[in-house]
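If you want the building blocks of each chain, they are given just below.
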Amino acid sequence: QKSVAAVPSPADEGREEFRRGSAVDALTRAILDHLYFTQARPLTLATRNDWYMALAYAVRDRMLDDWLKSLSHLRNRELKIVSYLSAEFLMGPHLGNNLVNLGIMEPAREALAALGQDLDELLRQEEEPGLGNGGLGRLAACYLDSLATLRVPAIGYGIRYEFGIFDQEIRDGWQAEKTDKWLRLGNPWEICRPEITYEVKVGGHTERFTDEKGCVRVRWVPNKVVKGVAYDTPVAGYRSGVTDLLRLWKSEAVESFDFQAFNVGDYYRAVEAKIFSETISKVLYPNDEPEIGKALRLGQQYFFVSCSLQDMVRIHLLRENSLDTFAASFAVQLNDTHPSIAVAELMRLLVDEHQFEWDAAWQITRATLAYTNHTLLPEALEKWPLPLFASILPRHLEIIYEINRRFLDEVRLVHQGDDQLAARLSIIDENGERYVRMAHLASVGSHAINGVAALHTELLKQTVLKDFYEIHPELFRNVTNGVTPRRWMVLSNPGLTRLITERIGDGWVTNPDELRGLEPFVADQTFQSAWQKVKRENKSVLAGVIKARTGIVVDPASLFDVLVKRIHEYKRQHLKVLHIITLYNRIKHDPQADVTPRTFIFGGKAAPGYFMAKLIIKLVNSMGEVVNSDPDVADRLKVVFFPDFNVTNGQMVYPAADLSEQISTAGKEASGTGNMKFSLNGALTIGTLDGANVEIREEVGAENFFLFGLTAAEVSDLKSGGYDPRKWYGEKTELREAIDQIAGGLFSHGDRGLFQPLVEHLLNRDDYLLLADYQAYIDCQDRVSAAFRDRKRWTEMSILNVARMGKFSSDRAIREYCSDIWQASPLPQD
Ligand code: NTF
């Protein structure tokens, strides 16, 4: 198993405490104290979880000084607070990350060793909080790390789901979902704040009344009220002296609410209300399923947004006595449309609860909010049927109508006579059944709108938000995504971290542009072999884990070709399958064929209701069975489906990859962030010109990147010209053979029905143009195979990839948000 050693960092040794060895002693004592006083366990009975908990509490204690300091900054009116509203935070295990960021990995290891415990074992004990689906939630986590590292006061606001993203098991080649009971053994990182609670109304109706000043006002009479309770998790910056806050809301029943029912003896109705309340934060919705009709999902969004905004209002009123200056206290970022109800909720709080005039409230709302779009896929753009919306948020619907009326009036004034334009821009979709379009609500209510990669932002302006761009181009920005080098390098790839730091020092951890300092060593023999050795060791570790989890034996000397991400047709895992079958057939036709030995590693979850994605998982496994057990292949090809891909597993997979597969149909992947993690860890990319791949290629150099496939423009031309996948099927022999084999039952024990829906779709629609890109992909993979045989050249390319990845640090992204969107600054050094 892999050892998670710390960087031999000058920052460790620099600490007075550390030099005296007292850090180790203090930690040892603290762990023992927590074992006794918090876990209530004598040494002789302590379980692994007891040790993990004791260590975690001891580490958390060491975050408190900085944390309490940061909390006191919340009251300082000079400091703007970044408020990141997100339905998902995919934080990954906390312990290792906190040890890295606090600079106490080695002292912790020693302290535990003195107690007869192994740090690595305790690190594996932590159940990761899987409060997100994939890239969007993980991005939020990387951004919190960077905010704290850059000393920007920030709060991440979200939902404390009792069950996060399901755990994936593979049974008979199919995905099976298991409830993620992540809180089962306790969560030492969070602190419950029973005194920070807010009431959130649901349903009912509105009433007009005249207030004491003679103004007509609106009162919302709900039919339910729930309570949100704050749970706080500290987020330590990397040796920055700042710890920011992740505040997640748990829903509970309002004690007083249904007392009436209780008093007349209707005990069951009172309990029912409690159950409804607790349901709201019960479970994370897996994405990629149509949201329409899911009342609970809208309830979740409103619940966390309302609690968060009420919390900000409270904090602001600790600073100032009027809400006029709210926008100077908070910059609120909407992570996709999931929190976009914030536009109407902030208006409601200001107008209904704090008696603001509409115009003043609107000015504050727009000055406070900004919106990030993360997808162009039409099926992922949120819209709520009007009746459903009205039944849950009657007051918000009225407010949205008013926002929309004023907005469309403005549009009509400037673009007279263009009724089509107003209809297209409207927050309410009136084509047939009526909907609230959440992306329009977010766009109208924000002072900045951004995409997450250069290409994505351009496409956003040309497609989904074209009309908004035309009337308000000044609102649009691009902020290309980034990932934190702390978790995705220092923590997960200690070997490479050590090697790099030996050569260029450790400044790159916070200033990854310094990785450029590796370029002079590119051709250096000793450095190259050390580089290869690290990769080889990471591959061996992963090979061990693969053996343990799947029973499949893989060869660390083979090319590790990795495709890990959510399973979706646009991400084209099945294109990868066609490639593997093609190589398989080449061997079958000529058992002596010269095929570079490869291990294909797939990983990723499919939304439980997404049939095609689940069928793709089954196909990978079925095809893998045939290939892995064929004596003609003689172990030259191995196919692995690594179950339950999550942050923890990602930390083992990225460092062990030789080749990173980023093969989405051009124009479909907004950015991708896995692509950055791979490249940062020395994998070379094979990819289309999609999302951030475009910029990664620009940075690392075209000669160090395997490019293939249609461009976004070519994709849209091909489609508008009437795309016929059968043409490609007819022309390409290897492609036809592979598809025929899937259809003919070669991978399904002769069953021609099993993969029929997939084959059918490819031959008749092929929405994601696998057939059109097939040949380019195969040819490019042949170049990859050849390149891998030239070990020296491959290693050079690998080093250059790492050396040139500086741009993709989430620190760079956060700096851009701070200066271009939030107008937020770091705390001065104390
Ligand atoms: C995802 N969007 C995109 O699909 C990824 O390309 C991108 O890297 C991440 O966001 C982060 O920006 C979503 O998950 C969603 F919800 F918008 F569909």
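None of these values were measured; they are calculated from a predicted model.

What counts and what doesn't
- Numbers given for residues are sequential positions, taken from 1 along each chain in its written order.
- Local features in this predicted model are restricted to residues of pLDDT 70 or higher, and side-chain atom pairs are both shown and tallied only at a pLDDT of 80 or more, whereas totals for entire chains, interfaces and linings draw on every residue.
- In DSSP terms, a helix is any run of H or I states spanning at least four residues, a strand is any run of E spanning at least two, and both are numbered starting from the N terminus.
- As defined in this context, the radius of gyration uses C-alpha atoms, and a globule is described by 2.2 Å times the residue total to the power 0.38.
- To assign burial, the other C-beta atoms lying within 10 Å of each residue's own C-beta are counted, with C-beta atoms placed from the backbone; 20 or more indicates buried, 12 or fewer indicates exposed, and intermediate counts indicate partly exposed.
- Contact between residues is assigned whenever the C-beta positions, reconstructed from backbone atoms, fall within 7 Å.
- The pairing criterion for strands is at least two bridges between them, as found by DSSP.
- All the domain ranges listed were derived from an automatic or database domain assignment.
- In this analysis, axes come from line fits to C-alpha atoms, helices being fitted only over the stretch in contact, and the angle between any two N-to-C directions falls in the range 0 to 180 degrees.
- An angle below 35 degrees is read as roughly parallel, one above 145 as roughly antiparallel, one from 65 to 115 as roughly perpendicular, and any other as oblique.
- By convention the crossing between two helices is left-handed if the near helix lies anticlockwise of the far one by an angle smaller than a right angle, and right-handed if it lies clockwise.
- Gly is put with the polar residues, along with every residue not named as nonpolar or charged; the nonpolar set is Ala, Val, Leu, Ile, Met, Phe, Trp, Tyr, Cys and Pro, and the charged set is Asp, Glu, Lys and Arg.
- UniProt positions are given in the numbering used here, feature names are shortened, and annotations may be inferred rather than shown by experiment.
- Using the backbone to place each C-beta atom, any residue with that atom within 6 Å of a molecule or strand is considered near it.
- We define the nonpolar core as any set of buried residues of the types Ala, Val, Leu, Ile, Met, Phe, Trp, Tyr and Cys, connected via C-beta atoms lying within 7 Å of each other.
- pLDDT runs from 0 to 100 and stands for how confident the predictor is about each residue.
- Expected span of a helix, by definition, is 1.5 Å for each gap between consecutive residues, and there is one gap fewer than residues.

### Here's the deal with the overall build of the chain
Now for step 1: Helix and strand counts for the chain stand at 36 helices and 22 strands.
Now for step 2: For the chain, whose C-alpha radius of gyration is 27 Å, the value lies close to the compact-globule estimate of 28 Å for 830 residues.
Now for step 3: Considering only C-alpha atoms, the chain reaches an extent of 90 × 75 × 55 Å along its principal axes.
Now for step 4: Across the 830 residues in the chain, those meeting the buried criterion constitute 50%.
Now for step 5: Put simply, 76% of the contacts in the chain that link residues at least 6 apart link residues at least 24 apart.

### Points about the sheet that holds strand β13 (residues 428–429)
Now for step 1: With antiparallel pairing, the three strands of this open sheet are ordered in space as β12-β14-β13. With partners counted over all chains shown, the strands left at the sheet margins are β12 (383–385) and β13, one partner each.
Now for step 2: Relative to strand β14 (residues 435–437), β12 is paired through three bridges, and the arrangement is antiparallel. The residue of β14 that forms the bridge with Lys 383 is Arg 437.

### Some thoughts on the domain arrangement of the chain
Now for step 1: Each domain of the chain was delimited in the assignment, giving domain 1 (77–92 + 128–160 + 187–281 + 294–481 + 815–822) and domain 2 (501–808).
Now for step 2: Just the C-alpha atoms count here: the centres of domain 1 and domain 2 sit 37 Å apart.
Now for step 3: Domain 1 puts 24 residues into the contact, and the matching count from domain 2 is 19 residues.
Now for step 4: Contributing elements (two or more residues each) for the side of domain 1 that touches domain 2: α9 (135–149) and α20 (454–462).

### Remarks on the packing of helix α3 (residues 22–38) against helix α4 (residues 48–61)
Now for step 1: The geometry of α3 relative to α4 is characterised by a closest axis approach of 8 Å and an angle of 120° between their N-to-C directions. The angle between the axes of α3 and α4 places the two elements in the oblique class. The two elements α3 and α4 cross, and the hand of that crossing is right-handed. On the side of α3, the interface is formed by Leu 27, Ala 30, Ile 31, His 34, Leu 35 and Thr 38, while α4 contributes Asp 50, Ala 54, Leu 55, Tyr 57, Ala 58 and Asp 61.
Now for step 2: Here the contact of α3 with α4 is built from residues that sort into eight nonpolar, two polar and two charged.

### Things to note about the UniProt feature "modified residue: N6-(pyridoxal phosphate)lysine" (unreviewed entry) in the chain
Now for step 1: In the numbering adopted here, UniProt assigns the feature "modified residue: N6-(pyridoxal phosphate)lysine" (unreviewed entry) to Lys 677.
Now for step 2: Tracing the chain through its elements places Lys 677 in helix α28 (residues 674–680).
Now for step 3: Using a count of 30 C-beta atoms within 10 Å as the deciding quantity, one classes Lys 677 as buried.
Now for step 4: Discounting residues that sit within four places of it in the chain, Lys 677 has contacts with Val 483, Trp 488 and Tyr 654.

### Concerning the sheet that holds strand β16 (residues 476–478)
Now for step 1: Strand order in this open sheet of nine strands is β5-β8-β9-β2-β1-β10-β11-β15-β16, and the pairing throughout is mixed. Taken across any chain shown, the strands that pair with only one partner, and hence form the sheet edges, are β5 (191–202) and β16. Sheet twist, expressed as the mean angle between neighbouring strand axes with direction ignored, is 25°.
Now for step 2: Relative to strand β2 (residues 154–159), strand β1 (residues 81–85) runs parallel, the two sharing four bridges.

### Observations regarding unusual backbone geometry
Now for step 1: Of note, Ala 634 is a non-glycine position whose phi angle comes to about 50°, a positive value.
Now for step 2: Following the sequence through the fold, Ala 634 ends up in the loop between α26 (611–629) and β19 (637–642).
Now for step 3: At Leu 769, a position not held by glycine, the phi torsion is positive, near 55°.
Now for step 4: Of note, Leu 769 is situated in the loop between α33 (756–764) and α34 (770–789).
Now for step 5: Leu 769 gets classed as buried once you count the C-beta atoms within 10 Å, which come to 23.

### As for the site of the ligand
Now for step 1: As a structural note, the neighbourhood of the ligand is formed by 17 residues, with Gly 135, Leu 136, His 374, Thr 375 and Ser 671 the closest of them.
Now for step 2: By residue class, the composition of the shell around the ligand is five nonpolar, 10 polar and two charged.
Now for step 3: Each of two domains, domain 1 (77–92 + 128–160 + 187–281 + 294–481 + 815–822) and domain 2 (501–808), supplies a minimum of three residues to the shell around the ligand.

### Side note on the nonpolar core
Now for step 1: Core analysis: the largest hydrophobic core is formed by 231 residues, its most contacted members being Leu 55, Ala 342 and Ile 580.
Now for step 2: If near-sequence neighbours (up to four positions away) are discounted, Ala 342 is found in contact with Leu 85, Val 305, Leu 309, Val 332, Leu 334 and Leu 369.

### A short note on the environment of Ala 270
Now for step 1: Position of Ala 270 among the secondary structure elements: in helix α11 (residues 267–279).
Now for step 2: Each C-alpha atom, one on Ala 270 and one on Thr 484, is 47 Å from the other, the two residues being 214 residues apart in sequence.

### Let's talk about the pairing of strand β9 (residues 243–253)
Now for step 1: Counting buried positions along β9 gives 10 out of 11 residues, so the element sits mostly inside the fold.
Now for step 2: Linking two consecutive strands that pair antiparallel, namely strand β8 (residues 224–236) and β9, is a turn of six residues; a positive phi of about 50° is found at Arg 239 within it.

### Describing the confidence of the model for the chain
Parts of the model with low pLDDT should not have their predicted coordinates read in detail.
Now for step 1: Per-residue confidence for the chain gives a mean pLDDT of 95; residues scoring 70 or more make up 96%.
Now for step 2: In this model, residues 1–11 is a region of pLDDT below 50 whose contacts with residues beyond four sequence positions or in other chains number 30 contacts.

### Notes on helix α35 (residues 791–803)
Now for step 1: With 13 residues, α35 should reach 18 Å at 1.5 Å per residue; the first-to-last C-alpha distance of 18 Å fits that figure.
Now for step 2: Turning to α35, its buried residues are Trp 794, Met 797, Ser 798, Ile 799, Leu 800, Asn 801, Val 802 and Ala 803.
Now for step 3: Residues of α35 that are buried sit in contact with α24 (525–550), α28, β21 (684–687), α29 (693–700) and α34.

### Let's talk about the packing of helix α25 (residues 573–589) against helix α32 (residues 733–744)
Now for step 1: Packing of α25 against α32 leaves a shortest axis separation of 9 Å and a crossing angle of 105°. Looking at the two axes, α25 sits roughly perpendicular to α32. Counted together, Leu 578, Ile 581, Thr 582 and Asn 585 of α25 and Glu 734, Leu 735, Glu 737, Ala 738 and Gln 741 of α32 form the full contact between these two elements.
Now for step 2: Across the contact of α25 with α32, the residue classes break down as four nonpolar, three polar and two charged.

### Some points on the environment of Val 218
Now for step 1: Summarising the element assignment, Val 218 is placed in strand β7 (residues 216–221).
Now for step 2: The partly exposed category is assigned to Val 218, around which 14 C-beta atoms lie within 10 Å.
Now for step 3: On a C-alpha basis, the gap between Val 218 and Thr 206 in space is 6.6 Å, while along the polypeptide they are 12 residues apart.
Now for step 4: Other than its neighbours up to four places away in sequence, Val 218 contacts Thr 206, Arg 208, Asp 352 and Arg 395.

### Things to note about the pairing of strand β10 (residues 330–335)
Regular strands show a simple pattern: their side chains alternate between the two faces of the sheet.
Now for step 1: With six of its six residues buried, β10 lies for the most part within the structure.
Now for step 2: Residue alternation in β10 divides its side chains into two sets, Phe 330, Val 332 and Leu 334 and Ala 331, Gln 333 and Asn 335, and both sets are buried.
Now for step 3: Where β1 lies against β10, five bridges are found, and the strand directions are parallel. Within β10, the residue paired with Ile 81 across the bridge is Phe 330.
Now for step 4: Two strands pair when backbone bridges link them, and β10 and strand β11 (residues 369–372) are joined in this way by four bridges, in the parallel orientation. Counterpart to Leu 334 in the pairing with β11 is Tyr 371.

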